Amino acid sequence: MISVEHLSKTYGSTSAITDVTFDVEPGEILGFLGPNGAGKTTTMRILAGYLPATSGTARIAGFDVHDNSLLVRQRIGYLPETPPLYPEMTVEGFLYFVARIKGVSAGDRATKITAAIERCNLQEKRHVIIRKLSKGYRQRVGIAQAIVHDPPAIILDEPTVGLDPRQIIEVRNLIKSLAGSHTIIISTHILPEVSMTCSRVAIINGGKVVATDTPDNLMNQLTKGSGYEIEIEGEAALAKQVLQNVAGVNFVESISAVGMHSHTSLKENQAYLRVISQPGTEPGKDIAAALIGTGFGLLEMRRVNATLEDVFLQLTTEEKILETETEIAEAKEGEAA
Ligand SMILES: Nc1ncnc2c1ncn2[C@@H]1O[C@H](COP(=O)(O)OP(=O)(O)OP(=O)(O)O)[C@@H](O)[C@H]1O
């Protein structure tokens, strides 16, 4: 339904996005996740036909967003970061206006507007002037204007920014209810938004897509992934040696009480360890047996799964670390010369 290939955009000498490629299947919700300045809004605006790309192509429902921008605009609903609302219009008046410019036939307008109002739970505010609405209701009007012509594809740029926690839940539920019958892209820098709402995620960083997969697959692929937190009685250094030799164990590290998910205060001769297991392995039983078999007291052991936050941090910070290491190496070479 949405197909993006090798899309790049430069603003003067600033490269906003580089070689962005991804697809969104019909009925899917794709989370376009990235930190501030990653290139999310630039990509959303190109997809919505509001900004020309420097190179590459984007197609929605088979139409090129640049060559057929009018046809594309009729087939998408777009909620920009700041919804384009007319504050002096009533909710219903505004939706009539949008339905007309989106090409909804006069005979269909009343039905489609009522459907959008009901879908966005705006019945009570139908005749209220937009200026008088709270931020949460305005956002719902923003979503209503994006769906009023019943487009197959919906593009939402940071749809929950500035909302309070209750409004955020309402807007997320509304977005989820649109999936299936619509294909949706949500751009966000908020991780929970993606794991709660989206079936797939594309992570963008520094203008490049660094991963595209389901949240679960991304977490499974994470090398520094799932494992166990263990509280032992005995010497940490010795326990680490024992655990390093257990099959399925990737590495072992000592952690402080603060690093434990649930912690009690440590007594003398007690330690907390984190064991990271190799992807696809479950060495829990062998870890417990190895510790007890070598005379350690096993006070607590719990499984800890990688979170999307871990994936996100790994994917969006790795390049920086490499850069820094290169910089350090170059600096050292410079010093030696
Ligand atoms: N009109 C512009 N002129 C010059 N540079 C721009 C322009 N718009 C965006 N940029 C730059 O392009 C890059 C990507 O910006 P973009 O707004 O797409 O990121 P974003 O992921 O949406 O960020 P945010 O979450 O902060 O909105 C940034 O470095 C930004 O400074």
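None of these values were measured; they are calculated from a predicted model. Note on numbering: residues in each chain are counted from 1, in written sequence order. Two thresholds apply to this predicted model, a pLDDT of at least 70 for residue-level local features and 80 or more for giving and counting side-chain atom pairs, whereas whole-chain, interface and lining totals are computed over all residues. Think of the side-chain values as coming from all heavy atoms in the structure, minus any hydrogens and water.

Caption draft 1: Fine view of the overall build of the chain. Per the secondary structure count, the chain includes 11 helices and 14 strands. Note on contacts: a residue pair qualifies if any of its non-hydrogen atoms lie within 4.5 Å across the two residues. Taking the contacts inside the chain whose residues are at least 6 apart along the sequence as the reference set, 70% of them involve residues at least 24 apart. Roughly 16,700 Å² of accessible area belongs to the chain as shown, and the carbon and sulfur atoms make up 51% of that amount. Working definition: helices are DSSP H or I runs of at least four residues, strands are E runs of at least two. Numbering for both runs from the N terminus. The method behind every accessible area is Shrake-Rupley, applied with a 1.4 Å probe, and residues are considered shielded solely by the protein chains displayed.

Caption draft 2: Highlighting the packing of helix α3 (residues 91–101) against helix α4 (residues 106–119). The angle between two axes is taken between their N-to-C directions and runs from 0 to 180 degrees, where each axis is a line fitted to C-alpha atoms and a helix contributes only its stretch in contact. The interhelical angle for the contact between α3 and α4, taken along N-to-C directions, is 125 degrees, at an axis separation of 10 Å. The angle between the axes of α3 and α4 places the two elements in the oblique class. Where α3 crosses over α4, the handedness of that crossing is right-handed. On α4, the residues that touch Glu 92, Leu 95, Tyr 96, Ala 99 and Arg 100 of α3 are Arg 109, Ala 110, Ile 113 and Ile 117. By the convention adopted, Pro, Cys, Tyr, Trp, Phe, Met, Ile, Leu, Val and Ala count as nonpolar, Lys, Arg, Asp and Glu as charged, and the other residues, Gly among them, as polar. Among the residues making up the contact of α3 with α4, the classes are represented as six nonpolar, no polar and three charged. Angular relationships are summarised with four words: roughly parallel below 35 degrees, roughly antiparallel beyond 145, roughly perpendicular across 65 to 115, and oblique for the angles in between. Handedness of a helix crossing follows the sense of rotation of the near helix relative to the far helix, less than a right angle counterclockwise being left-handed and clockwise being right-handed.

Caption draft 3: Focus on the packing of aromatic side chains. Note on aromatic contacts: the rings of Phe and Tyr and the six-membered ring of Trp form a pair at centre separations within 6.5 Å, being stacked when their planes are under 30 degrees apart, edge-to-face when over 60 apart, and tilted otherwise. Under the defined criterion, the tally for this structure stands at four aromatic pairs. With a centroid separation of 5.3 Å and 90 degrees between ring planes, the pair formed by Tyr 86 and Phe 97 is classed as edge-to-face. Here Phe 97 lies in helix α3 and Tyr 86 lies in the loop between β6 (76–79) and α3, a separation of 11 residues in the sequence. Residue burial is assigned from relative accessible area. The probe radius is 1.4 Å, only protein chains are included, and a residue is buried under 20% of its type maximum, exposed over 50%, and partly exposed in between. Residue class for Phe 97 comes out partly exposed when judged on its relative accessible area of 23%. Members of the aromatic cluster, each reached through a chain of ring pairs, are Tyr 86, Phe 94 and Phe 97. Looking at Arg 73, its charged tip hangs above the ring of Tyr 50, at a distance of 4.3 Å from the centre. Comment: the charge-over-ring label is applied if NZ (Lys) or CZ (Arg) is within 6 Å of the ring centre and within 35 degrees of the ring normal. The ring of Tyr 137 is capped by Lys 125, whose NZ or CZ atom sits 4.8 Å from the centre of that ring.

Caption draft 4: Expanded view of the pattern of salt bridges. Here a salt bridge means any side-chain nitrogen of Lys or Arg lying within 4 Å of a carboxyl oxygen belonging to Asp or Glu. Overall, the coordinates contain nine salt bridges when judged by the stated rule. The residue Glu 170 makes a salt bridge to Arg 140 at a minimum N-O spacing of 2.3 Å. A residue pair is termed long-range when its members are at least 10 positions apart, and Glu 170 in helix α6 (residues 165–178) and Arg 140 in helix α5 (residues 135–147) qualify at 30 residues. Arg 303 is the salt-bridge partner of Glu 282, the closest N and O atoms lying 2.2 Å from each other. Within this pair, whereas Glu 282 is found in the loop between β13 (270–277) and α10 (284–293), its partner Arg 303 is found in strand β14 (residues 297–304), the two being separated by 21 residues in sequence. The structure contains a network of salt bridges with shared partners spanning Arg 140, Arg 166 and Glu 170.

Caption draft 5: Representation of the site of the ligand within the structure. Throughout, the term near means that a residue has one or more heavy atoms lying within 4 Å of the molecule or strand in question. Around the ligand sit Tyr 11, Ala 16, Pro 35, Asn 36, Gly 37, Ala 38, Gly 39, Lys 40, Thr 41, Thr 42, Glu 81 and Glu 158, and that is every residue in its neighbourhood. Whenever a nitrogen or oxygen atom comes within 3.5 Å of another N or O atom, the pair is scored as a polar contact, on the condition that within protein one atom can donate a hydrogen and the other can accept it, and that pairs from neighbouring residues in sequence are kept only if both atoms are in side chains. For the ligand, an oxygen atom lies 2.5 Å from a polar atom in the side chain of Thr 42. Here the ligand, which alone exposes 640 Å², has 61% of that area covered by the protein. The dominant element in the shell around the ligand, judged by the number of residues it contributes, is helix α1 (residues 40–47), at three residues. Grouping the amino acids of the shell around the ligand by side-chain chemistry returns four nonpolar, five polar and three charged.

Caption draft 6: Fine view of the pairing of β13. Judged by how many residues are buried, β13 sits mostly within the fold: seven of eight residues are covered. One ladder, built from seven bridges, connects strand β11 (residues 227–233) with β13; its direction is antiparallel. Of the residues in β13, the one forming a bridge with Glu 229 is Arg 274. When DSSP finds at least two bridges between two strands, those strands are taken to pair. Judged from the six bridges that link them, strand β12 (residues 249–255) and β13 form a sheet pairing that is antiparallel. Within β13, the position partnered with Val 249 by the bridge is Ser 277.

Caption draft 7: Summary view of the environment of Leu 298. If you trace the backbone, Leu 298 turns up in strand β14. Sequence-wise, Leu 298 and Gln 270 are 28 residues apart; in three dimensions their C-alpha atoms are separated by 9.8 Å. Every residue in contact with Leu 298, bar those within four places of it in the chain, is listed here: Ile 230, Glu 231, Ala 288, Leu 291 and Ile 292.

Caption draft 8: Representation of the sheet that holds β12 within the structure. Judged by pairing direction, the sheet is antiparallel, and its four strands sit side by side in the order β12-β13-β11-β14 without closing on themselves. In the strand order of this sheet, the two ends are held by β12 and β14, each with one partner. Here the strands of the sheet are splayed against their neighbours by 20 degrees on average, with no regard to which way each runs. In the packing of helix α9 (residues 236–244) onto the sheet, contacts are made with β11, β12 and β13, and the angle to β12 comes to roughly 170 degrees. Against the sheet, α10 makes contact with β11, β12, β13 and β14, and its axis sits at roughly 165 degrees relative to β14, the strand it touches most.

Fair warning: the whole summary comes from geometry, so function is off the table for now.
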